[in-house]
Amino acid sequence: MSLRWKDYVEIADELNELYPDKALTDMPDEELISLVRALPDFEDESEPDETVLGAIWNRWVYVGYPED
């Protein structure tokens, strides 16, 4: 399955699996973009907008720091 920017849930879940200890606070957009583009199944060459980056980050925080 190839990932595109619109697949923010799958992207965030995969990032969480690969980088479970990654500090997400104050992560620059450039770092998030680099991490996403480095995913083995990521095949989207377009530039993401702020809404997509926010959705990825929010989902990653949600799965990475679940409420107890």
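Residues numbered from 1 in each chain as written. Predicted model: local features only at pLDDT ≥ 70, side-chain atom pairs only at ≥ 80, totals over all residues. Heavy atoms only, no water.

### Examining the packing of helix α1 (residues 8-18) against helix α3 (residues 50-64)
Contact pair α1 / α3: the axes reach a minimum separation of 8 Å and the direction vectors enclose 50 degrees. It follows that α1 is oblique to α3 by the angle criterion. At the point where α1 passes α3, the crossing takes the right-handed sense. Touching Y8, V9, I11, A12, D13, L15 and N16 of α1 are A55, I56, R59, W60, V63 and G64, all from α3. (Axes fitted to C-alpha atoms, helices over the stretch in contact; angles between N-to-C directions. Helix = DSSP H or I, 4+ residues; strand = E, 2+ residues; numbered from the N terminus. Parallel < 35°, antiparallel > 145°, perpendicular 65-115°, else oblique. Left-handed = near helix turned anticlockwise from the far one by under 90°. Contact = heavy atoms within 4.5 Å.)

### Topic: the environment of E50
Relative to the helices and strands, E50 is located in helix α3. By relative accessible area, E50 is classed as exposed at 56%. Taking C-alpha positions, E50 is 23 Å from L18, a pair spaced 32 residues apart along the chain. (Buried < 20%, exposed > 50% of the residue type's maximum accessible area, 1.4 Å probe, protein only.)

### Here we look at the nonpolar core
As a rule of thumb, nonpolar side chains are buried together in soluble globular proteins. Counting residues in hydrophobic clusters, the biggest one holds 16 residues, and the most contacted among them are I11, L15, L32, V36, I56 and W60. Where this core is concerned, the elements lending two or more residues are α1, α2 (29-37) and α3. Ranked by the residues each element gives to this core, the list is headed by α2, at 4 residues. Dropping the residues within four chain positions of it, I56 is found in contact with W5, Y8, I11, A12, L15, L32 and V36. (Core = buried A, V, L, I, M, F, W, Y, C linked by side-chain atoms within 4.5 Å.)

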